[in-house]
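Analysis of the macromolecular model
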Amino acid sequence: MTNIDYHALAPAVILGVTVLVVLVVDLFLPARAKAAAMWVSFAGVIGALAALLTLIGEGTRVVFGGAYVVDAFTLIFQGFFLLAALVVLLISYRYLRDGGFYQGEYYFLLLTAFLGCVLMPASRNLLMLFLALELVSAPGFLMATFRKSDIRGNEGGLKFFIIGVLSTAVMLYGMSLIYGLTGALDLHAIAEGLAGLSGSRETLAEVAILFVVVGFAFKVSAVPFQFWAPDTYEGSPVPVASFLAVASAAAGFAGLLQLMFVAFVGQWEFWAPIFALLSILTMTLGNLVALRQRQAVRLLAYSGIAQAGYILLPFALVSGDTTVNTAAFTATVTYILIYAVMNLGAFAVVTAVSERRPSLQIDDFAGLLKAAPLLGVAMTAFMVSLAGVPPTGGFWGKLGIFAAAIDRGGIGIWLAVIMVINSVISVGYYFLIPRAMIFEESPDGDQRVRVPMLLGMVVVLTLVGVLAIFVLPNAIYRLGELSSLALGP
Amino acid sequence: MNESSWQQWAITITTFLPIIGALVILLVPKDKDKMIRGLGVVVTALAFIGAVVIALQFDYGRSGELQFVQNVKWIPVIGARYHVGIDGISMPLYVLTYLLGLLCAIYTARYVPSPGKTKAFVALTLLLITGMAGTFIAFDLILFFVFWELVLVPMYFLIAVWGSANRQYASIKFFLYTLFGSVFMLLGFLALYFNGPVDVETGKHTFDMQALTTFGAGGGYAHTFQLVVFGAIALGFAVKVPMWPFHTWLPDAHTEAPTIGSVLLAGIMLKMGTYGFVRIALPMMPEGAVAYAPWIGALAAIAIVYAALACLAQKDLKRLIAFSSVGHMGFVMLGIATLTTIGIQAAIFGMVAHGVITGMLFFLVGSIYDRYHTREIADIGGGMSELMPKMAGIFAFVAIASLGLPGLAGFWGEIMALLGSFNPNTAVGLNVGLYRAFMIIGGIGTILTAGYFLWMLQRVNQGEAPVKWKDHGFRDILTVEWVSWVPLLALTLVLGLLPSLILDTTATGVDTIVRIVTG
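Source: prediction; values computed, not measured.

Okay, the overall build of chain B next. Across its full length, chain B carries 22 helices and two strands. In terms of overall size, chain B behaves like a compact globule, its C-alpha atoms giving a radius of gyration of 22 Å where 519 residues would be expected to give roughly 24 Å. Seen along its three principal axes, the alpha-carbon backbone of chain B occupies a region of about 75 × 60 × 40 Å. Taking all 519 residues of chain B together, 61% fall into the buried category. Residue pairs in contact within chain B that sit at least 24 positions apart in sequence constitute 81% of those at least 6 positions apart.

Scanning chain A from N- to C-terminus turns up 20 helices and two strands. Taken over the C-alpha atoms alone, chain A extends approximately 70 × 55 × 40 Å along its principal axes. Burial statistics for chain A: of 489 residues in total, 61% are counted as buried. Restricting to contacts in chain A with at least 6 residues of sequence separation, those with at least 24 account for 80%.

This part takes up the pairing of strand S1 (residues 67-75) of chain B. All names here are of chain B. Sheet analysis places S1 next to strand S2 (residues 80-86), joined by six bridges and oriented antiparallel. The residue of S2 that forms the bridge with Gln67 is Ile86. Here S1 hands over to S2 after four residues, with Gly79 in that stretch at a positive phi of 75 degrees.

This part takes up the environment of Thr18 of chain A. Inspection of the secondary structure puts Thr18 of chain A in helix H1 (residues 6-28). Those residues within four positions of Thr18 of chain A in sequence are excluded, and the remaining contacts are Ser41, Gly44 and Leu111 of chain A.

Residues and elements named next belong to chain A. Residue placement: Val70 occurs in strand S2 (residues 68-70). Given 25 C-beta atoms within 10 Å, Val70 falls into the buried group. Here the alpha-carbon distance between Val70 and Leu142, two residues 72 residues apart in the chain, equals 30 Å. Beyond its immediate chain neighbours, meaning those up to four positions away, Val70 contacts Ala8, Leu55, Thr60, Arg61, Leu75 and Ala122.

For the rest of this paragraph, the subject is the interface of chain B and chain A. Contacts between the two partners involve 24 residues from chain B, matched on the other side by 22 residues from chain A. Secondary structure elements with two or more residues in the side of chain B that touches chain A: helix H5 (141-150), helix H6 (152-162) and helix H7 (167-194) of chain B. Here the side of chain B that touches chain A takes 13 residues from H7 of chain B, the largest share from any one element. For the side of chain B that touches chain A, the class distribution of residues is 22 nonpolar, one polar and one charged.

Let us look at the nonpolar core. Phe114 and Val349 of chain A together with Leu187 and Ala281 of chain B are the most contacted members of the largest nonpolar core, which totals 409 residues. Ranked by residues supplied to this core, first place goes to helix H13 (residues 322-356) of chain A with 21 residues. Look past the residues within four positions of Phe114 of chain A in its chain and what remains in contact with it is Leu15, Phe81, Ala85 and Ala247 of chain A.

Bringing the packing of H6 of chain B against H7 of chain B into the picture now. Residue and element names in this part refer to chain B. Across the interface, H6 lies against H7 with an axial gap of 8 Å and an inter-helix angle of 165 degrees. One finds that H6 runs roughly antiparallel with respect to H7. Crossing angle aside, the handedness with which H6 passes H7 is right-handed. Only Arg167, Gln168, Ala170, Ser171, Phe174, Phe175, Thr178 and Leu179 of H7 make contact with H6, whose side of the interface consists of Leu152, Met155, Tyr156, Ile159 and Ala160. Taken together, the residues that form the contact of H6 with H7 break down as nine nonpolar, three polar and one charged.

Let us now look at the packing of helix H2 (residues 33-57) of chain B against helix H4 (residues 118-137) of chain B. Residues and elements named next belong to chain B. For the pair H2 and H4, the least separation of the axes is 9 Å and the interaxial angle reads 10 degrees. One way to sum up the angle between H2 and H4 is to call them roughly parallel. On the side of H2, the interface is formed by Asp33, Ile36, Arg37, Gly40, Val43 and Thr44, while H4 contributes Thr118, Lys119, Val122, Leu126 and Ile129. For the contact of H2 with H4, the per-class residue count stands at five nonpolar, three polar and three charged.

Relative to the helices and strands, Thr214 of chain B resides in helix H8 (residues 209-217). Separated by 302 residues in the primary sequence, Thr214 of chain B and Ile516 of chain B place their C-alpha atoms 9.0 Å from one another.

Let us look at unusual backbone geometry. Here the bond from Val223 of chain A into Pro224 of chain A is cis, since omega is 5 degrees, no more than 30 degrees from zero. Mapping Pro224 of chain A onto the fold places it in the loop between helix H8 (199-219) and helix H9 (228-235). Put simply, Val241 of chain B and Pro242 of chain B share a cis peptide bond, and its omega is -10 degrees. Inspection of the secondary structure assignment puts Pro242 of chain B in the loop between helix H9 (223-240) and helix H10 (249-256).

Turning to the confidence of the model for chain B, a few remarks are in order. For chain B, per-residue confidence averages 90 on the pLDDT scale, and 99% of positions sit at 70 or higher. In the predicted complex, the global pTM is 0.92; the interface-specific ipTM is 0.88.

Attention now moves to helix H1 (residues 5-27) of chain B. Residues and elements named next belong to chain B. The largest bend along H1 measures about 40 degrees and falls at Leu17, with the proline Pro18 one to four residues further on. Taken together, the buried positions of H1 are Ala10, Ile11, Thr14, Thr15, Leu17, Pro18, Gly21, Ala22 and Ile25. Packing partners of the buried residues in H1 comprise H2, S1, S2 and H4.

With that settled, the discussion passes to helix H13 (residues 317-337) of chain B. Residue and element names in this part refer to chain B. Taking 1.5 Å as the rise per residue, H13 with 21 residues should run 30 Å; its terminal C-alpha atoms sit 30 Å apart, in good agreement. By the criterion of burial, H13 is predominantly enclosed, with 21 of the 21 residues buried. Immediately beyond the C-terminal end of H13, within one or two residues, lies Leu339, with a positive phi of roughly 55 degrees.

Criteria and thresholds
- Residues numbered from 1 in each chain as written.
- Chains lettered and ligands numbered in written order.
- Predicted model: local features only at pLDDT ≥ 70, side-chain atom pairs only at ≥ 80, totals over all residues.
- Helix = DSSP H or I, 4+ residues; strand = E, 2+ residues; numbered from the N terminus.
- Rg over C-alpha atoms; globule rule 2.2 N^0.38 Å.
- Buried ≥ 20, exposed ≤ 12 C-beta atoms within 10 Å, placed from the backbone.
- Contact = placed C-beta atoms within 7 Å.
- Pairing = 2+ DSSP bridges.
- Nonpolar A, V, L, I, M, F, W, Y, C, P; charged D, E, K, R; others polar.
- Core = buried A, V, L, I, M, F, W, Y, C linked by C-beta atoms within 7 Å.
- Axes fitted to C-alpha atoms, helices over the stretch in contact; angles between N-to-C directions.
- Parallel < 35°, antiparallel > 145°, perpendicular 65-115°, else oblique.
- Left-handed = near helix turned anticlockwise from the far one by under 90°.
- pLDDT = per-residue confidence, 0-100.
- Bend = angle between axes of the 7 residues up to and from the residue.
- Expected span 1.5 Å × (residues − 1).

Laid out in structure tokens, this is it:
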């Protein structure tokens, strides 16, 4: 057992080394060249991505006695997180450079958080999951307060921190109970251990499951642990908000998927209804409150809460039937992947706009279609996609969840109906920004706005992604399907 | 099967040609305004030619069967296929889509509504055409739904950007209403899928509409299931039609939309809903259809009278035409609700006739507005015969066609729908008395319809022209208007004299559906 499969670990190791390199390099960079840290980070992520590619088709690899597993699920999520890291880095570059931030520290923190993301899907053991989750959260607390002189930034960061630490403590307590009850940390072993419980120990196990869910519910901003999100997003630098909304939330879901579909699946009768409630409350509250938002990042924050509600829906479909579970799992993964593309795109546009209009009120988008046609068209596509309307990729994400829900029957049908109504409500706010961009006149007149090259690149790529997913949905469904192989024995 | 590759690809090429044209237009610099308009005409003309060639090569001896089929893998993971084809029921609607598309493009060659932006206007129109045409030739539920929804975004923008004063409200209302209906329809489709047959080869369920029709026709779906799912799917179609009381988006959308938006909306888009009833709801869930038919009939009868009364109260010419659509679609739905061959034949004929006539009426209202810059009937104040004799003559002709004068296209759909409800499908237990009551209500509706159209003509065409208009020197019908209108005027006459052109094409397909429903 002394042989460690370094190949399997390579993506994480390369990213980890890059984290340290960035920190050191920053010390030697002259003040005006600090932005170079971004490119060092970028190269590191590319390196990790390259290492990841060599692992494709190599079969399942087990490291650290089953605590760290590289299978299709891991590869898909790691690839996804690394790509997201590239996007967030590109979005950050100008914003950080021109905003007078500490850049070296920022990239150090950002990469650390992404390291946590990368570890999350491979973690198949409570301790690893906890470590990964903390690795995502802790740098997030700091990054959220990166606008130090901004009182909103401080408020948002503090809320984020307090709620984050509280929920982590509850989660850790839950984990310790699970360990106490089953004597196992490994997810499969926990599943076996939990199956053997009865009476008051079973009740205790259910309480413990609830506690563990709390930690992740915070991460994915599910009601009632959502109220940090709008303040924190608004107070953070926009690229950090994009990280929180996409990567951090996806990491939460990656962990939650492992826990609920593998470790706690035997107790579904207890927790599936809870997830149904969580899902309904989260999507409905997110959508209704979003209708009243007039600030773009807050709008995206509430949209993110609503979307988290959609992603939680398949969890409520879990039952004793493996085919249904597989369909639900697939739908979740597919949705997360599609959601990430459109949401990153939307944040990239918001970042571009924030350069001229840092307050980011919806009115600040007025006339954008004329001023910067690329941003206008792309943002419209992202909003249509988030609403789930063709001809955009978001439609297929929703379809996957509807299909899983209808297939489940029973409660699934009611959940699908509620989600359908929510989708229609969501159009009410998703069209606000396009309306301002297209129909309202900019106070600056017809002046053209130059889009920074890196941001423009990200916008184009995500736009192409959203449209390509619409035309060729099979690829993305296939990824979802492949990832569900992790459910097998 | 010895199908040439043209036969396989004809539908695909014709259907996607407008989208490709839209992409090409996006590459043209936007100051080349003339070129963009020209390209719009060329693309729609090519697509129309494609549709005509398909119509000519179509084997009318086998009009009940699907022809020009292309059926390939699309999203294997969920069992959705790219399955397109055309049969006698789709044919008239498919060709009509391209005809109206071409005529709109020609009309656009002269009239681009304020605020200009020709490039986006033409590109969105082309996207819209593909979406509408695709709905009529898709034979996979997911593909059908994608085409169906593809229409939403371009139509929203056509209304919201190029519409008149109240466009913002009207466009979002249109969007939310139709989206609301169609998402329930999507859930219904998924329910059909998961409770439907399993493909032997792939081991997966299927979205194939033919397979689901066979399954549903054979009593594959349980009775209660049909009641629920028919309701969900019918809701999506009903909003689109629109059936009373789901119609409130329509007067707003129509009134605010630019001329060609109204033409395409009334001419084609509304038919997507009624087509859906005929193609999907009825044959896949025959028991559901029987259970809902009297309710649909009742709503249709209400729609006919309600729309006629609403028309009598309208002051805005365009809004009047919009409300008249609700009534005409009421006749179409009444025809469907009888579940008889004659009734459903009437429905399909009515769809085409309404597309031709009301499309033409919206063209006319657009051109009248272009002269007067008002749509208020009182403001126009009569005397159009004096100011623009040709325009007034055409207007009278089309209005009279719309009110159902025998010998013109509007007549057959209405009379056959009424005949159908005189003798509804009693084999499935429809209540004859009830349907005869519908018939009487519908009959009263036709009288009211004649009343409001004639009154409209009286107020617009006749009398002394107000002094304020006399010196305007309105130009009578322009060449570009003649070009885009003559085909519709000719069709109004031809379909009125030779209804068999359409009725023969659809007969076999409709027979099959009625046989399925009758069981």
